[in-house]
Amino acid sequence: MRRIGRWLLAVLIGGWLPVLLITWWWNASADSTDPFFPPLHAIWEQFQYNWIWQFWGIHVMPTLQNLIVGFLIAVVIAIPLGVVVGSSRTTATYVEPVVDFIRSIPPVALVPIFILLLGLDSSMRIASITFAASFPILLNTIEGVRATNVVLLDTAMVFRLTRNQILWRVRLPNAMPTVFAGLQVGFQIAFIVAIASEILGSGFGLGAFTLIATDSFMILDAWTGVMLLGILGYVLNLVFDVVERISLRWYFGQRKLV
Amino acid sequence: MTTAAISIRDVRMDYPTPDGVKHVLGGISYDVTEGHYVSIVGPSGVGKTTLLRLLTGLAQPTAGEIIVAGKRLSGAPEGLAVVLQDYTRSLMPWLTVERNIALPLRNEKISKANVRQRVKESLTEVGLEGSERAYPWQLSGGMQQRVSIARALAVRPRILVMDEPFASVDAQTRFDLEDLVLKVRADFGITTLMVTHDIDEATYLSDDVVVLYGKPATVSDIVSIDLAFPRSQVETRNDHRFAQMRTRIYEKVRGLS
Ligand SMILES: Nc1ncnc2c1ncn2[C@@H]1O[C@H](COP(=O)(O)OP(=O)(O)OP(=O)(O)O)[C@@H](O)[C@H]1O
Ligand SMILES: [Mg+2]
């Protein structure tokens, strides 16, 4: 009961501003005749029509699919690589400058290069997403694995844990909070790149839909696209938070006490 | 005749530094008698932790050798357990108390039920029965240090090595933990080596107090504490011989005599 109460309170505290803004928007735009700022209730009607009845399959599914596949490939590549690099100081000194350099290029700027290399189909989009999402995951994994405190490692060594055990039972769990932060940033970047890769050449997907709608003055549709992007981004981030809170309970519990 | 559990033979340790080699240990020799409790004291920076790192196999001496159970030490020896000062960093925060204690038992060929049994026994020994499911960070500093001790006991070590095990807890908890260590000693007779800054504590707990002094450090004194066991915080510490030994150690640590 108390937990539900606290949760409700959190919703109230976090929710009043969005509710206020939406109400204001709804009322202020109700009689709007400006073609660029249609009434919110019209957008909402179009939104339901577009995303519940019509375009979910052709525009949302491809985006989500690319996003998830691209992101998962990034995870599968970047985490093991990060563990290898992070466990050895010499490898890290060679690899890190290169990684730092490539990472400094805005990921969206690389999409045209991937178009040149791979054309316009979804393999290009997945590659762009994977590439962009890899760096934050890689860097955070390196950092997390390397930052294992010496006392913990010494203890493990004296108790004669094997190298493998030290990796799996000490270094990796220790790195998890940092890795998770990397996953989250990586996912946000993946989302941006997923949309950007559609804007830069595609007939399908949410990015393409929104761009085409804007270009053809279908302002209502464009608004519904932007709205769905916002909601998707928000929900996906929320899912991340929940998974993180559950799998890293020890970390958040410990932090709350310090 | 008593035998040496650990034999330290003319051990030297140098560290390379930007401005040349630093001689930290300059020929340390000492035999730790089986079942004895030995404290190592000395001024800050003299090389106490360095010596413990050599004894636990975490570092190799520049010269000399350390013999444990008849074998020259290379790497962490079997049957040795540690308790380090920094309990907040020596227990794994992602593991419950039970799993922390069970972790070093992974490589021993004992059944799950036996592991559980050992964890339980060790926790009972340190007075923390029933704390299996707690996380270390949910416990007070003194309780965490008890968990560290329980983890060490669970491997049934022949040698226990502790680096300033009670330095980060309050005075009352410190007395409790000292008495816990005496109880463990009475129960199991594990050969124990402890580094401490606290001369009273060293005197109270030990059979032998080894004083390191100098740059490079050598053994400047070995004081046998022939006070009777069982010892008690009030009586033992009020014994006039306790005061004499403490004074002697104090002067050695300060380089006064
Ligand atoms: N890895 C290292 N490299 C270079 N010098 C070191 C290293 N470890 C320790 N030293 C030096 O060796 C000396 C002894 O250090 P040590 O930590 O063993 O002292 P200690 O007696 O444990 O001190 P304290 O009582 O403060 O814990 C110090 O001067 C220290 O600076
Ligand atoms: Mg020290």
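Residues numbered from 1 in each chain as written. Chains lettered and ligands numbered in written order. Predicted model: local features only at pLDDT ≥ 70, side-chain atom pairs only at ≥ 80, totals over all residues. Heavy atoms only, no water.

1. Focus on the site of ligand 1
Residue and element names in this part refer to chain B.
- In the vicinity of ligand 1, the contacting residues are Tyr 15, Lys 22, Val 24, Ser 44, Gly 45, Val 46, Gly 47, Lys 48, Thr 49, Thr 50, Glu 164 and His 197.
- A distance of 2.7 Å separates an oxygen atom of ligand 1 from a polar side-chain atom of Ser 44.
- At 2.7 Å from an oxygen atom of ligand 1 is found a side-chain nitrogen or oxygen belonging to Thr 49.
- Within the complex, 64% of the 630 Å² of free accessible area of ligand 1 lies under protein.
- Looking at the shell around ligand 1, the elements that each hand over two or more residues are strand S2 (20–33) and helix H1 (48–55).
- Here the element with the most residues in the shell around ligand 1 is H1; it accounts for three residues.
- Its residues assigned to classes, the shell around ligand 1 comprises three nonpolar, six polar and three charged. (Near = heavy atom within 4 Å. Polar contact = N/O pair within 3.5 Å; in protein donor to acceptor, adjacent residues only side chain to side chain. Areas by Shrake-Rupley, 256 points an atom, 1.4 Å probe, with all protein chains shown as cover. Helix = DSSP H or I, 4+ residues; strand = E, 2+ residues; numbered from the N terminus. Nonpolar A, V, L, I, M, F, W, Y, C, P; charged D, E, K, R; others polar.)

2. So, the pattern of salt bridges
All names here are of chain B.
- Applying the stated criterion across every chain, the model contains 21 salt bridges over all chains.
- The salt bridge partner of Arg 116 is Glu 98, with a shortest N-O separation of 3.4 Å. Separated by 18 residues along the polypeptide, Arg 116 in helix H4 (residues 112–125) and Glu 98 in helix H3 (residues 97–102) bring together distant segments of the chain.
- As a salt-bridge pair, Arg 248 and Asp 221 come within 3.0 Å of each other at their nearest N and O atoms. (Salt bridge = Lys/Arg side-chain N within 4 Å of Asp/Glu carboxyl O.)

3. Things to note about the domain arrangement of chain B
Residue and element names in this part refer to chain B.
- Structurally, chain B comprises domain 1 (1–78 + 159–166 + 187–257) and domain 2 (80–156).
- The centre of domain 1, based on its C-alpha atoms, is set 25 Å off from the matching centre of domain 2.
- Carbon and sulfur atoms make up 62% of the surface buried where domain 1 meets domain 2, a total of about 1,100 Å² over both sides.
- Of all residues in domain 1, Ile 159, Leu 160 and Pro 165 bury the most surface against domain 2, accounting for 30% of the area lost on that side.
- Scanning the region where domain 1 abuts domain 2 turns up zero salt bridges.
- Broken down by secondary-structure element, the contributors of at least two residues to the side of domain 1 that touches domain 2 are strand S7 (159–163) and helix H6 (171–188).
- A class-by-class count of the residues in the side of domain 1 that touches domain 2 yields ten nonpolar, one polar and four charged. (Domains from an automatic or database assignment. Buried area = accessible area lost by both parts, 1.4 Å probe.)

4. Describing the pairing of strand S10 (residues 218–224) of chain B
All names here are of chain B.
- Here strand S9 (residues 208–213) runs beside S10; their pairing, made up of six bridges, is antiparallel. Residue Val 211 lies in a different strand from S10, and its bridge partner there is Asp 221.
- The loop that links S9 with its antiparallel partner S10 comprises four residues; one of these, Gly 214, has a positive phi angle of about 105°. (Pairing = 2+ DSSP bridges.)

5. Focus: unusual backbone geometry
All names here are of chain B.
- The amide bond that connects Lys 215 to the next residue, Pro 216, takes the cis arrangement and shows omega of -5°.
- Among the secondary structure elements, Pro 216 is positioned in the loop between S9 and S10.
- Look at Ala 69: it is not a glycine, yet its phi comes out positive at around 50°.
- Following the sequence through the fold, Ala 69 ends up in the loop between strand S4 (63–68) and strand S5 (71–72).

6. A few points about the sheet that holds S2(B)
Residues and elements named next belong to chain B.
- Pairing within the open sheet is antiparallel, and its four strands lie in the order S2-S1-S4-S5. The open sheet has two edge strands with one neighbour each: S2 and S5.
- Examined bridge by bridge, strand S1 (residues 4–17) and S2 share eleven bridges and lie antiparallel to one another. Each residue of the ladder has a partner; that of Ala 4, found in S2, is Thr 33.
- Along the sheet, H1 makes contact with S1, S2 and S4, crossing S1 at roughly 120°. (Contact = heavy atoms within 4.5 Å. Axes fitted to C-alpha atoms, helices over the stretch in contact; angles between N-to-C directions.)

7. Some points on the packing of aromatic side chains
Residue and element names in this part refer to chain B.
- Applying the stated criterion across every chain, the model contains ten aromatic pairs over all chains.
- One residue, Arg 185, lies across the ring of Phe 229, its end atom 4.1 Å from the ring centre.
- When the ring centre of Phe 229 is taken as reference, the NZ or CZ atom of Arg 231 above it lies at 4.0 Å. (Phe/Tyr/Trp six-rings, centres within 6.5 Å; stacked < 30°, edge-to-face > 60°. Lys NZ or Arg CZ within 6 Å of the ring centre and 35° of its normal.)

8. Let's talk about the interface of chain A and chain B
- Between chain A and chain B, the residue contacts involve 21 residues of the former and 27 residues of the latter.
- For the pairing of chain A and chain B, the buried interface totals around 2,300 Å² over both sides, and the portion due to carbon and sulfur atoms is 69%.
- In this structure, the connection of chain A to chain B is made through two salt bridges.
- Of the charged contacts in the structure, one is a salt bridge between Arg160(A) and Glu78(B), with a shortest N-O distance of 3.8 Å.
- Here chain A and chain B share five residue pairs in polar contact (both at pLDDT 80 or more) between them.
- Sorting the residues of the side of chain A that touches chain B by element identifies helix H7 (150–158), helix H8 (163–199) and helix H11 (249–257) of chain A as the ones contributing at least two each.
- Top element by residues in the side of chain A that touches chain B is H7(A). It accounts for six residues.

9. Some remarks on the side chain of Ser131(B)
Residue and element names in this part refer to chain B.
- Mapped onto the fold, Ser 131 is located in the loop between H4 and helix H5 (141–154).
- A relative accessible area of 13% places Ser 131 in the buried class.
- Among the polar contacts made by the side chain of Ser 131, one reaches the main-chain carbonyl oxygen of Leu 128 at a distance of 3.0 Å.
- Discounting chain neighbours no more than four positions away, the residues touching Ser 131 are Val 97 and Leu 123. (Buried < 20%, exposed > 50% of the residue type's maximum accessible area, 1.4 Å probe, protein only.)

10. Some thoughts on the sheet that holds strand S6 (residues 80–84) of chain B
All names here are of chain B.
- The strand order across the open sheet built from six strands is S6-S7-S8-S3-S9-S10, with neighbouring strands paired in mixed fashion. Taken across any chain shown, the strands that pair with only one partner, and hence form the sheet edges, are S6 and S10. Going from strand to strand, the sheet's axes swing by 20° on average, the running direction of each strand aside.
- The pairing of S6 with S7 spans five bridges and is parallel. In the strand pairing of S7, Ala 81 is matched with Leu 160.
- This element, H5, spans S6 and S7 of the sheet and lies at about 175° to S6.

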